[in-house]
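Here is how the chains run, residue by residue.
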Amino acid sequence: GINAEYGGVVPSSMVLAEVCVCPGVACGASLCKWLVCYRAGCTNHWDQSGTGFSHNHWLHKDGCGMTTATLTYFLIYGAVYIVNAVVIDPWLGYTAVGVLHRLAFTMVMLLAALSHWRAMTCDPGAVPKNAQPLPSHAQALQATNRSMRKCHVTGTFKPMRAHFDREIQRCVVKMDHHCPWVNNCVGIGNQKLFILFVGYVALGSGYALMLVLGRYFMCVGKPEAQAAFCSGAKASDRVLIILLCVESVLFGLFTTCMACEQITSVMYNQTYIDRLQARRGDTVKSTNHGILGNLREVFGDTDLSLIHISEPTRLLSISYAVFCLKKKKKIKK
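Residues numbered from 1 in each chain as written. Predicted model: local features only at pLDDT ≥ 70, side-chain atom pairs only at ≥ 80, totals over all residues. Heavy atoms only, no water.

1. Looking at the packing of helix 2 (residues 63-88) against helix 5 (residues 191-217)
Direction vectors running N to C along helix 2 and helix 5 enclose 25°, while the axes themselves pass 11 Å from each other. Judged by the inter-axis angle, helix 2 sits roughly parallel to helix 5. Considering the relative orientation of helix 2 and helix 5, their crossing is left-handed. In this structure, helix 2 uses Thr72, Ile76, Val83, Val86, Val87 and Ile88 to contact helix 5, whose residues at the interface are Phe197, Ala208, Leu211, Val212 and Arg215. The class makeup of the residues in the contact of helix 2 with helix 5 is 9 nonpolar, 1 polar and 1 charged. (Axes fitted to C-alpha atoms, helices over the stretch in contact; angles between N-to-C directions. Helix = DSSP H or I, 4+ residues; strand = E, 2+ residues; numbered from the N terminus. Parallel < 35°, antiparallel > 145°, perpendicular 65-115°, else oblique. Left-handed = near helix turned anticlockwise from the far one by under 90°. Contact = heavy atoms within 4.5 Å. Nonpolar A, V, L, I, M, F, W, Y, C, P; charged D, E, K, R; others polar.)

So, in structure tokens, the structure goes:
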């Protein structure tokens, strides 16, 4: 960057300081998110949070998992800062179009962060300690003189398509995989939230690249045809924009592939573990409700359930003892 005060060249120390503003803002925002959510009642008391049978609030207290979760917030809020302060501000400023892009991009990334938090702190479908088979299942077992299937680690009833997750040490119904980025297992209870998270990140990554390209094309061509802000671009801005492009391409491709894979799995009611078992030749016990029915089983039955950041509301009759038991508990309360 050119600056007369420093003899025409901005010192590298100043460029470094300007670049460090972005990670500083991202770190501060990530820390505030943990503090605000903790005080707002998302986790309430630390000692009451965990993945055990006696914990009132769900949170996997794994050092590596919580580090990657914090890194996720760091990347999300860092992208928000770069897009607003470096990409849009000198280009569109606070014009109507500029404000519209600011609000739209910030909202998408905020939804990504909220979806991530909900996916991390939501019970993925862990089998309760006192879970029992459905009456119809119990009668079938009695008729054939068979005992109910139990988890060899937790000793609890193991419903159909439930699998043990070694990270959270619980059996999870329709377990798909354990994701270190959300620091939680992905199962029937939070798969919707996980899909929303990767979907919003993919959308935000594409949006960021679109804005960077729009800004770039304003500075292409003859100097007299370029926008006024092009000549005043700082070296620190160029560094941050390059970092934003790298982040958007890498995570955009990853989350787009993940979102497509997850939606396809939901549509055909086949989790990642189901597909692995099918490859080994094992019999996969799954119930296909049709594409629409399978989507409703994960996303819920309400009209806004596809984008609403909440646990899916299931009005369909789902033959999983875990959720039948939880539903009875709520009615009693």
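The rest of the description comes next.
2. Thoughts on the nonpolar core
Core analysis: the biggest nonpolar cluster contains 42 residues, and Ile76, Ile82, Val83, Val87, Phe105, Phe194 and Leu244 have the highest contact counts within it. The set of elements that each furnish at least two residues to this core consists of helix 2, helix 3 (96-121), helix 5 and helix 6 (235-267). By size, the runner-up hydrophobic cluster in this structure holds 9 residues, among which are Ala131, Phe164, Cys171 and Val173. (Core = buried A, V, L, I, M, F, W, Y, C linked by side-chain atoms within 4.5 Å. Buried < 20%, exposed > 50% of the residue type's maximum accessible area, 1.4 Å probe, protein only.)

3. Details of the environment of methionine 258
Within the element layout of this structure, methionine 258 appears in helix 6. Considering only alpha carbons, one finds methionine 258 and glycine 199, 59 residues apart in sequence, at a separation of 8.5 Å. With residues near it in sequence (within four places) discarded, methionine 258 still touches Phe194 and Val198.

4. What about the packing of aromatic side chains?
Enumeration over the complete set of coordinates arrives at 4 aromatic pairs. On the basis of an interplanar angle of 25° and a centroid distance of 6.5 Å, the ring pair of tyrosine 73 and tyrosine 77 is categorised as stacked. Linking tyrosine 73 with tyrosine 77, this pair stays in helix 2, spanning 4 residues, or about one helical turn. For the residue pair tyrosine 73 and tyrosine 77, the accessibility class agrees, reading buried in each case. Directly above the aromatic system of tyrosine 94 lies the positively charged group of arginine 102, at a separation of 4.1 Å from the ring centroid. (Phe/Tyr/Trp six-rings, centres within 6.5 Å; stacked < 30°, edge-to-face > 60°. Lys NZ or Arg CZ within 6 Å of the ring centre and 35° of its normal.)

5. Quick look at the pairing of strand 3 (residues 162-165)
Because side chains alternate across strand 3, one face comprises the buried residues Ala162 and Phe164, and the other comprises His163 and Asp165, equally buried. With 4 bridges joining them, strand 3 and strand 4 (residues 170-173) adopt antiparallel strand pairing. From the neighbouring strand, phenylalanine 164 faces strand 4, where its bridge partner is cysteine 171. Hairpin geometry of strand 3 and strand 4 is characterised by an intervening segment of 4 residues between the two adjacent antiparallel strands and by a positive phi of about 60° at glutamine 169. (Pairing = 2+ DSSP bridges.)

6. Topic: a nonpolar patch on the surface
Taken together, the side chains of Leu213, Tyr216, Phe217 and Val220 present a nonpolar region at the surface, about 440 Å² in accessible area. Structurally, the position occupied by phenylalanine 217 is in helix 5. (Patch = residues over 30% accessible without salt bridge, like charges linked within 9 Å, V, L, I, M, F, W, Y side chains within 5 Å. Areas by Shrake-Rupley, 256 points an atom, 1.4 Å probe, with all protein chains shown as cover. Salt bridge = Lys/Arg side-chain N within 4 Å of Asp/Glu carboxyl O.)

7. Concerning the side chain of threonine 271
Mapped onto the fold, threonine 271 is located in the loop between helix 6 and helix 7 (272-279). What threonine 271 contacts, discounting residues up to four positions off in sequence, is Arg161, Lys174, Met175 and Asp176.

8. Quick look at the state of the cysteines
Following the criterion strictly, the structure yields 1 disulfide and no others. Two residues share a disulfide in this structure: cysteine 219 and cysteine 230, whose sulfurs sit 1.9 Å from each other. For the disulfide bridge between cysteine 219 and cysteine 230, the dihedral angle about the S-S bond is near -85°, and by the sign convention the bridge is left-handed. A residue pair is termed long-range when its members are at least 10 positions apart, and cysteine 219 in the loop between helix 5 and helix 6 and cysteine 230 in the loop between helix 5 and helix 6 qualify at 11 residues. Note on cysteine 219: relative accessible area 23%, which makes it partly exposed. With relative accessibility at 11%, the residue cysteine 230 sits in the buried group. As a non-bridged cysteine, cysteine 260 has cysteine 257 as the owner of its nearest cysteine sulfur, 6.8 Å distant. Classification of cysteine 260 as partly exposed rests on a relative accessible area of 48%. (Disulfide = S-S within 2.5 Å.)

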